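Structure at a glance
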Amino acid sequence: LCQVSTTVFCAAFWGGLPITERHEHSFRIGWYEELGEPPGLDAAIFTGVYDLRFVNDSPNWLLMESYVDLQRQRLSVALYGTPTGRSVTMSHEILERTPAPTQPVYVDDPQAPRGSVRQSDTARGGIRVNVYRTIRQGDAVLANNTFYTEFKPWPNIFVRGPR
């Protein structure tokens, strides 16, 4: 679900639509950056707690169309509507990098084979980043937005069977 919300967020972001609710993930998810996007263009959702909301402030309806490329395992979302004449630019700033934890975390799994140890997660550092969006219409600046994101560091995690 978060892949869908992240993809919709990016469509609304680049469409110059006002984003009224967006929440980052607690931890950095690398595949959201595989196509060259900076960290911080994600949108987490969690039923009843986090949501993604944007406003269609254009004069007419929007059509949201999604495309799934199973071969490349990619989801795309396009928003179609009456042209607004807006242009959107983006930049980002890394505010701080936090090193990955050096202490591994072990999770006991009574269902795993006796004495086995398997790494399930690889350590990643944390990061604080601002993504800046400027929306223009002709020479006029309609909005300057800052999307703040803080990803916590994540340890190496190992799953082990009974000893």
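In the block above lies the structure referred to throughout.
Just so it is clear, the structure is predicted and the values come from calculations on it, not from any experiment.

1. A short note on unusual backbone geometry
Residue Gln-73 is not a glycine yet carries a positive backbone phi of 55°. Inspection of the secondary structure assignment puts Gln-73 in the loop between strand E3 (63-69) and strand E4 (74-80). When its relative accessible area of 71% is taken as the criterion, Gln-73 is described as exposed.

2. Considering the sheet that holds strand E5 (residues 86-98)
Sheet strands associate in pairs through backbone hydrogen bonding, adopting either a parallel or an antiparallel arrangement. Spatially, 3 strands are ordered E5-E8-E9 in an open sheet, and the strand pairing comes out antiparallel. Here the strands that pair on one side only, and so sit at the sheet edges, are E5 and strand E9 (140-151). Across the sheet, the axes of successive neighbouring strands diverge by a mean angle of 15°, strand direction being ignored. Where strand E8 (residues 126-137) and E9 come together, 11 bridges link them in antiparallel fashion. What sits directly across from Val-129, in E9, is Thr-149.

3. Focus on the packing of aromatic side chains
The relative placement of two aromatic rings is captured by the distance of their centres and the angle of their planes. Summed over the entire model, instances satisfying the criterion amount to 6 aromatic pairs. Across the ring face of Phe-13, the terminal group of Arg-133 is positioned such that the distance to the ring centre comes to 5.2 Å.

4. So, the sheet that holds strand E10 (residues 157-160)
Reading across from one edge, E6-E10-E7 is the order of the 3 strands in this open sheet, with mixed pairing throughout. Each edge of the open sheet carries a strand with a single partner, namely strand E6 (105-108) and strand E7 (117-121). Along the sheet, successive strands turn relative to each other by an average axial angle of 30°, direction set aside. Here E7 runs beside E10; their pairing, made up of 4 bridges, is antiparallel.

5. As for the pattern of salt bridges
Counting across every chain of the model gives 7 salt bridges. We note a salt bridge from Arg-53 to Glu-21, for which the minimum N-O separation is 2.8 Å. One end of the pair, Arg-53, is in strand E2 (residues 53-54); the other, Glu-21, is in strand E1 (residues 19-21), and 32 residues separate them in sequence. By relative accessible area, which is 45% here, Arg-53 ends up partly exposed. A salt bridge links Arg-86 to Asp-57; its shortest N-O distance comes to 2.9 Å. One end of the pair, Arg-86, is in strand E5; the other, Asp-57, is in the loop between E2 and E3, with 29 residues separating them in the sequence. With a relative accessible area of 22%, Arg-86 lands in the partly exposed category.

Calculation criteria
What you see as residue numbers is a count from 1 along each chain, following the sequence as written. Totals for whole chains, interfaces and linings use all residues, but because this is a predicted model, local features are given only for residues with pLDDT of at least 70 and pairs of side-chain atoms are given and counted only at 80 or more. The side-chain values count all of the structure's non-hydrogen atoms but skip hydrogen atoms and water molecules. Helical segments are the DSSP runs of H or I of at least four residues, strand segments are the runs of E of at least two, and each set is numbered from the N terminus. Type-normalised accessible area, obtained with a 1.4 Å probe on protein chains alone, sets the label of each residue: buried when under 20%, exposed when over 50%, and partly exposed for intermediate values. The pairing criterion is simple: DSSP has to find at least two bridges between the two strands. The axes used here are C-alpha line fits, helices contributing only the stretch in contact, and every angle between their N-to-C directions lies in the interval 0 to 180 degrees. Only the six-membered ring of Trp is used, alongside the rings of Phe and Tyr, when aromatic pairs are assigned; centres must lie within 6.5 Å, and planes under 30 degrees apart are stacked while those over 60 apart are edge-to-face, with the rest tilted. For a ring to carry a charge above it, either NZ of a lysine or CZ of an arginine must fall within 6 Å of the ring centroid while also lying within 35 degrees of the normal to the ring plane. Here, a salt bridge means any side-chain nitrogen of Lys or Arg that lies within 4 Å of a carboxyl oxygen of Asp or Glu.

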